[in-house]
Amino acid sequence: MGTWLQEPLTWTNFAIFLAWGVVFLFIVLGFVTYAIYFERKVIGWMQLRIGPNRVGPLGLFQTLADIFKLLIKEDTIPRKADRWLFILAPVITYVPSFAVLVVIPYTDSLYFTDLNVGLLYYGALSCISTIGIILAGWASNNKYSLLGGMRSAAQMISYEIPLVISVVGVILLNGSLSLRTIVNGQGDYFWQWNFLPQIIGFVVFIIAAVSELNRTPFDLPEAESELVAGYHVEYSGFRFAFFMLAEYVYVFAIASLTTVLFLGGWHAPFPFLTFIPGIIWFILKFMFCVFFLFWLRATMPRIRVDQLMSFGWKVLLPLSLINVFVTAIYVELFIK
Amino acid sequence: MIRTEELLLNVGPQHPSTHGVFRIVVKLDGEVIKEATPVMGYLHRGTEKLAENLNYTQIIPYTDRMDYVSAMTNNYVLVHAVEKMMQLEIPERAEFLRLIVMELQRVASHLVWWGTYLLDIGAMSPFLYAFRDREIIIDLFNELCGARLTYNYMRVGGVKWDAPEGWIDKVREFIPYMRKKMEEYDRLVSGNEIFLTRIKGVGTYDAQTAIDFGLSGANLRCTGVNWDIRKNEPYSLYDRFEFDVPLGTNGDCYDRYFIRMEELRQSLRILEQAIEQFPKDGEIMGKVPRVIRPPAGEIYARIESPRGEIGCYIVSKGKAEPYRLKFRRPSFVNLQILPKLLVGETMTNLITILGGVDIVVGEVDC
């Protein structure tokens, strides 16, 4: 993959890249389809229910049926909505969620690009989705949507900063923003992976990431019991599906990013296990992260807006700054 | 120049967290509530007016539909008022059966409250756990009187059905099971940091305010007022059993939560003693005239329902139908403090406070 990227841009190469992009899009869509199924099953079992089991064997086609239903639904746009923003918002939310996946290295050889500012690229693009959510809240011309959109804006500002600063420790240790270099910098044994040396950064990252995903216990923008559905109250059909899609693609992205940054990417936990291909290890760690997110959703109540703010600014941000400080001293004393 | 204006938001009648068709009109400044006006009456059925044309036995099913989460206590308040008026003797077995179903009902009702409250706060799973355990009680009731929600079980002078064989043993088995589940609930929810910060110090009022607004039940006891009609004016057989009345100190949602959790345990304690003393045999209906005609006069009877003091006021002219019948519904009275409590709170706390009051809209609107 790395050598391909160095080749000159010809029509053939362009076609190959495009084909890869399309293949990857389908992989991600397949993931989303079955992540939703998996989530419903997992939460169902945790809640003494069976989960989807009607459509297809074991309910495996349930999500496909849901997507089909959304596709054939009437596409309604409220008369008093800001029409163009209303149409634009789901697109703005979805596109960055897919675009951030470009920088994630899945194995040593399977990656789409090795940007030397990979982490910055991720952080910058994922912010754009929040603008989509605010737009959706504003353009719907609905009071519940507006409150959801505004909450989302506040949440973005409070949690994007600790999220980015919490990974600065990792960057300091490896001296690079490139995600591939960061994985290669983590050792062969599992205690050499970043999550142990960077335990504070890891915890802050996980909390901020869950908040970034707008999932329980930080699902304030769409808090069902207060704001009904928050920013997507007025959306129906496939525009609504785009918001759901973006949410699950971000689950994919954050789980991959956690694996890459803190859990050693494609490395095996012990050197004698390296006969199992790296992609298997990546998938295992990745699935664990995904499961963790679903598990949280089944057990946690929702936090309150003002508590969310004070927690972000007064706890997470100082913690991540301390982490940067301690790591910097460590790097200065022992690594240089 | 930035201009801000208040946002007028209609919460309900179709809203996931208003527990039915209840509506609050709130004026919001950002997310802070400036003014809140509850609008009631979407579920009004005119029970009290209908009762004037029905004889007393026919009114009992209507009481089921008032507080449909706690139908047994509603049944009891009506028959209790009539019996008080006619000074009837109730056979002991019937009275024991009534007490057992009322306490089971209190457990079931608190479980519904617990589950839906956690749902309001954003946790999904407790709701399903609560309903799993409530289902056992519902099945017990189903076996006893053939209905799952609207039982129509009590009659003036006794109860309609005797306990089938083995029923009492099933109730006996349920008590240790429920105790174990209570521990599970506490482990999952009661110690959760997010949950505690959500309810601590929210919706606080003092004892005087609570009394001024006529609050009752856990809403009153959370301020430290020791008032439980089961203890203070014992009806049925409550004076025979030992149980504590849990009290709060701060008068916030936190106290209300833990009082209700403790009440669950105390109900199990009462049930345990009642099962021990349950008479082996006996009548389930007292000597009641075929047509119930209470003597002319007025009466007010009150009992402790899971939501507070439920009362029944009857004016009789000596006929088979009441001249006037009035229910004091605790949900309705407890709600009156809402406009005062909500001012200055956020949208999120609105749901926390409303859930903490524990209303059943069927009873609010009656």
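All values reported here derive from a predicted model rather than from experimental measurement. (Residues numbered from 1 in each chain as written. Chains lettered and ligands numbered in written order. Predicted model: local features only at pLDDT ≥ 70, side-chain atom pairs only at ≥ 80, totals over all residues. Heavy atoms only, no water.)

### Regarding the overall build of chain A
Within chain A, the regular secondary structure consists of 13 helices and zero strands. Compactness check: chain A gives a C-alpha radius of gyration of 21 Å against a globular reference of 20 Å for 336 residues, within 12% of the reference. A principal-axis box enclosing the C-alpha atoms of chain A has dimensions of 60 × 50 × 45 Å. Surface exposure of chain A reaches about 15,400 Å², of which carbon and sulfur atoms provide 74%. Here chain A carries 20 positive and 19 negative side-chain charges, and the mean point of each set is 8 Å from the other. (Helix = DSSP H or I, 4+ residues; strand = E, 2+ residues; numbered from the N terminus. Rg over C-alpha atoms; globule rule 2.2 N^0.38 Å. Areas by Shrake-Rupley, 256 points an atom, 1.4 Å probe, with all protein chains shown as cover. Lys, Arg positive; Asp, Glu negative; His and termini not counted. Charge placed at Lys NZ, Arg CZ, Asp CG, Glu CD.)

### Quick notes on the overall build of chain B
Check the secondary structure of chain B and you find 15 helices and eight strands. Computed over C-alpha atoms, the radius of gyration of chain B comes to 21 Å, within 12% of the 21 Å expected from 2.2 N^0.38 for 366 residues, which places it in the range of a compact globule. Considered along the principal axes of its C-alpha atoms, chain B spans approximately 80 × 45 × 35 Å. Expressed as a percentage of the 366 residues in chain B, the buried residues total 60%. Accessible surface for chain B amounts to roughly 14,400 Å². Of this, 51% is attributable to carbon and sulfur atoms. (Buried < 20%, exposed > 50% of the residue type's maximum accessible area, 1.4 Å probe, protein only.)

### Points about the UniProt feature "domain: NADH-quinone oxidoreductase subunit D" (unreviewed entry) in chain B
In the numbering used here, UniProt assigns the "domain: NADH-quinone oxidoreductase subunit D" (unreviewed entry) feature to residues 120–365 of chain B. Taken end to end, residues 120–365 of chain B comprises 49% helix and 11% strand; its first and last C-alpha atoms sit 22 Å apart. (UniProt positions renumbered as here; feature names shortened; annotations may be inferred.)

### Concerning the sheet that holds strand β6 (residues 297–305) of chain B
All names here are of chain B. On the basis of which strands lie adjacent, the open sheet formed by three strands has the order β6-β7-β8 and antiparallel pairing. The open sheet has two edge strands, β6 and β8 (324–328), and neither has a second partner. Ignoring strand direction, the axes of neighbouring strands in this sheet form an average angle of 10 degrees. Two elements, strand β7 (residues 308–316) and β8, share five bridges in a ladder whose sense is antiparallel. Paired with valine 315 across the bridge in β8 is arginine 324. (Pairing = 2+ DSSP bridges. Axes fitted to C-alpha atoms, helices over the stretch in contact; angles between N-to-C directions.)

### Here's the deal with helix α3 (residues 62–72) of chain A
Residue and element names in this part refer to chain A. What α3 keeps buried is the set Gln62, Thr63 and Leu70. In a view along the axis of α3, the buried residues occupy a sector of 95 degrees, so they form one face of it. Across from the buried face of α3, at angles greater than 90 degrees, the exposed residues are Phe68, Leu71 and Ile72. Elements that come into contact with the buried residues of α3 comprise α2 (11–46) and α11 (237–262). (Arc of directions from axis to C-beta. Contact = heavy atoms within 4.5 Å.)

### Digging into the sheet that holds strand β2 (residues 23–29) of chain B
Residue and element names in this part refer to chain B. Spatial ordering of the open sheet is given by β1-β2-β3, a layout of three strands whose pairing is antiparallel. Where the open sheet ends on each side, the last strands, each with one partner, are β1 (7–11) and β3 (32–39). Direction aside, the axes of adjacent strands within the sheet are offset by 20 degrees on average. In this fold helix α14 (residues 347–357) packs onto β1, β2 and β3, with an angle of close to 150 degrees to the strand it touches most, β2.

### Remarks on the packing of aromatic side chains
For the structure shown, the criterion picks out 37 aromatic pairs over all chains. With a centroid separation of 5.9 Å and an interplanar angle of 55 degrees, the aromatic rings of Phe195(A) and Phe202(A) are classed as tilted. Judged by its relative accessible area of 17%, Phe202(A) falls in the buried class. On the basis of an interplanar angle of 85 degrees and a centroid distance of 6.1 Å, the ring pair of Phe96(B) and Phe278(B) is categorised as edge-to-face. Separated by 182 residues along the polypeptide, Phe96(B) in helix α4 (residues 92–121) and Phe278(B) in the loop between α11 (253–277) and β6 bring together distant segments of the chain. As far as burial versus exposure is concerned, Phe96(B) and Phe278(B) are alike and both buried. Three or more aromatic residues link up through ring pairs in this structure, and these residues are Phe24(A), Phe31(A), Phe98(A), Tyr106(A), Phe252(A), Phe282(A) and Phe286(A). Above the plane of the ring of Phe131(B) lies Arg134(B), whose end atom (NZ or CZ) is 5.2 Å from the centre. When the ring centre of Tyr323(B) is taken as reference, the NZ or CZ atom of Lys317(B) above it lies at 4.7 Å. (Phe/Tyr/Trp six-rings, centres within 6.5 Å; stacked < 30°, edge-to-face > 60°. Lys NZ or Arg CZ within 6 Å of the ring centre and 35° of its normal.)

### Focus: the confidence of the model for chain B
A residue-level look at chain B finds 100% of positions with pLDDT of 70 or above and a mean pLDDT of 88. Confidence estimates for the predicted assembly give a pTM of 0.87 and an ipTM of 0.80. (pLDDT = per-residue confidence, 0-100.)

### Here we look at the state of the cysteines
Residue and element names in this part refer to chain B. Considering all chains together, one arrives at zero disulfides over all chains under this definition. Free of any disulfide, cysteine 222 has its nearest neighbouring cysteine sulfur in cysteine 253, separated by 8.4 Å. Its relative accessible area of 0% is what places cysteine 222 among the buried residues. (Disulfide = S-S within 2.5 Å.)

### Comments concerning the nonpolar core
Ile100(B), Leu104(B), Tyr153(B), Trp167(B), Tyr257(B) and Ile314(B) are the most contacted members of the largest nonpolar core, which has 123 residues in total. With 16 residues, α4(B) is the single largest residue contributor to this core. Aside from chain neighbours lying at most four places away, what touches Ile100(B) is Trp167(B), Ile168(B), Val171(B), Leu271(B), Ala274(B), Ile275(B) and Phe278(B). Counting residues in hydrophobic clusters, the runner-up holds 66 residues, among them Val103(A), Phe112(A), Tyr159(A) and Phe262(A). (Core = buried A, V, L, I, M, F, W, Y, C linked by side-chain atoms within 4.5 Å.)

### Some details on the packing of α4(B) against α14(B)
Residues and elements named next belong to chain B. Remark: α4 packs on α14, axes separated minimally by 9 Å, with the N-to-C direction vectors making an angle of 175 degrees. The orientation of α4 with respect to α14, classified from their angle, is roughly antiparallel. On the side of α4, the interface is formed by Trp113, Tyr117, Asp120 and Ile121, while α14 contributes Ile351, Thr352, Gly355 and Gly356. Each residue belonging to the contact of α4 with α14 can be placed in one class, and the counts come to four nonpolar, three polar and one charged. (Parallel < 35°, antiparallel > 145°, perpendicular 65-115°, else oblique. Nonpolar A, V, L, I, M, F, W, Y, C, P; charged D, E, K, R; others polar.)

### Some thoughts on the environment of Val251(A)
Residue and element names in this part refer to chain A. Within the secondary structure layout, valine 251 lies in helix α11. Assessed through its relative accessible area of 0%, valine 251 is described here as buried. Note: C-alpha distance between valine 251 and alanine 35 (216 residues apart in sequence) is 9.0 Å. Dropping the residues within four chain positions of it, valine 251 is found in contact with Leu213, Arg215, Val290 and Leu293.

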